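Fold and geometry: a report
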Amino acid sequence: MSPPVETRIALAVLPAGPSQAGLPQYWLERRPDSAHLGGMLAFPGGKCQPDESPTDALARELFEELGILPQASRLLMEIPWVYLAKSSDPEGKPKSKHLRLMVYRVEKWQGELHGREGQSVTAQTLDCSRHGEWMSALPPANRGIVAALCLPPRIAITAACGAGDAGFSVWHQALVKTANALRQQFRSSFGGRSSIVQLRPGRDLSMAQWTAAVATVQSSGLSAWVNASLDIAIACRADGVHLNRHRLASVDREALANWHAQNRWVSASGHTLEEVRLANEVGVDALLISPILPTLSHPGEPGIGWAQFAELTREATMPTYALGGILETHLGQVQMLAGQGVAAIRGYWMDS
């Protein structure tokens, strides 16, 4: 069976500067009531013509809709999305509409931005501590864009924790050093968090230990995500939960929806196309694709390489991070492939 034909949509993320409260703002349109998903907010843009490149379509659409011409932009991400139509095909199966959103962050443009087609265009403030409000106000396919605007470009993963109370004490001291180093080395814009720290102790911790580790990260102004069960994440008041392949396959989706409703985040591991598609179905916010390069923890294994990272990223509906032999210096390469950022242990962990 041949793959479905995708309709490419070029969309623009247009920063509007900080709000009075120091939060980021972006220019959004209000969809006409008569249109599909009418009344919702939307990023400016539109369909690519059959013989038109996404960048050409972006320039045309922005001029037609807003009277501006992009001068500096980069591909932020691609989002494959399927909408089920209300009508059915001759065999009674629901018709589906396959889209590919080509999302560009436009940092500079020429012209005075205004609604040329009578549409409402406003600078909307994005408070990432309440990102669910934006996700509800935008079409479902745009959830990944909101995540990309809120999540930082790096995930620092902890090394394994030694046994017993003594092992935890040494690990926690290293965690303090790591969090302080991340805070001092990397700065975030508009009050956002510069880094995520994924707590992956590699052994069972008491709830008091989990809670102490989360509080240590959060007190440094960073985002604390736990590589553990959703129950543990809830109990220790983490900012996010990471689902390995086993938890991704078995997670209680109703409980996960409740977690999302509290403006908490969910990441997952992706090694294969099947796992990426499962992450899409579950609705996670970030995907860690690995192993990209050879690692000290898996000597002799080559990794999947950058071409496969790019391919899996193209199939993900959420921001992706490269993991496995990755350092901060790989960030530019990841973003050239429309990934969100880098994830690493030895690249960030500060042994005590």
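Given the structure is predicted, the values throughout are model-derived calculations rather than measurements.

**Thoughts on the state of the cysteines**
According to the stated counting rule, one finds one disulfide in the structure shown. For Cys-128, the disulfide goes to Cys-150, at an S-S distance of 2.1 Å. Across the S-S bond linking Cys-128 and Cys-150, the dihedral sits near -90°, which makes this disulfide left-handed. Highlighted residues: Cys-128 in the loop between strand E8 (121-125) and helix H2 (131-137) and Cys-150 in helix H3 (residues 143-150), separated in sequence by 22 residues. There is no disulfide at Cys-236, and the cysteine sulfur nearest it, in Cys-161, is 14 Å away.

**Some details on the packing of helix H4 (residues 164-185) against helix H5 (residues 207-219)**
Where H4 contacts H5, the axes come no closer than 10 Å and their chain directions differ by 10°. With respect to each other, H4 and H5 are oriented roughly parallel. Note that H4 runs across H5; the crossing there is right-handed. Contacts between H4 and H5 involve Asp-165, Phe-168, Trp-171, His-172, Leu-175 and Val-176 from the former and Gln-209, Ala-212, Ala-213, Thr-216 and Val-217 from the latter. Broken down by class, the residue content of the contact of H4 with H5 amounts to seven nonpolar, three polar and one charged.

Thresholds, definitions, all that
- Residues numbered from 1 in each chain as written.
- Predicted model: local features only at pLDDT ≥ 70, side-chain atom pairs only at ≥ 80, totals over all residues.
- Heavy atoms only, no water.
- Disulfide = S-S within 2.5 Å.
- Helix = DSSP H or I, 4+ residues; strand = E, 2+ residues; numbered from the N terminus.
- Axes fitted to C-alpha atoms, helices over the stretch in contact; angles between N-to-C directions.
- Parallel < 35°, antiparallel > 145°, perpendicular 65-115°, else oblique.
- Left-handed = near helix turned anticlockwise from the far one by under 90°.
- Contact = heavy atoms within 4.5 Å.
- Nonpolar A, V, L, I, M, F, W, Y, C, P; charged D, E, K, R; others polar.

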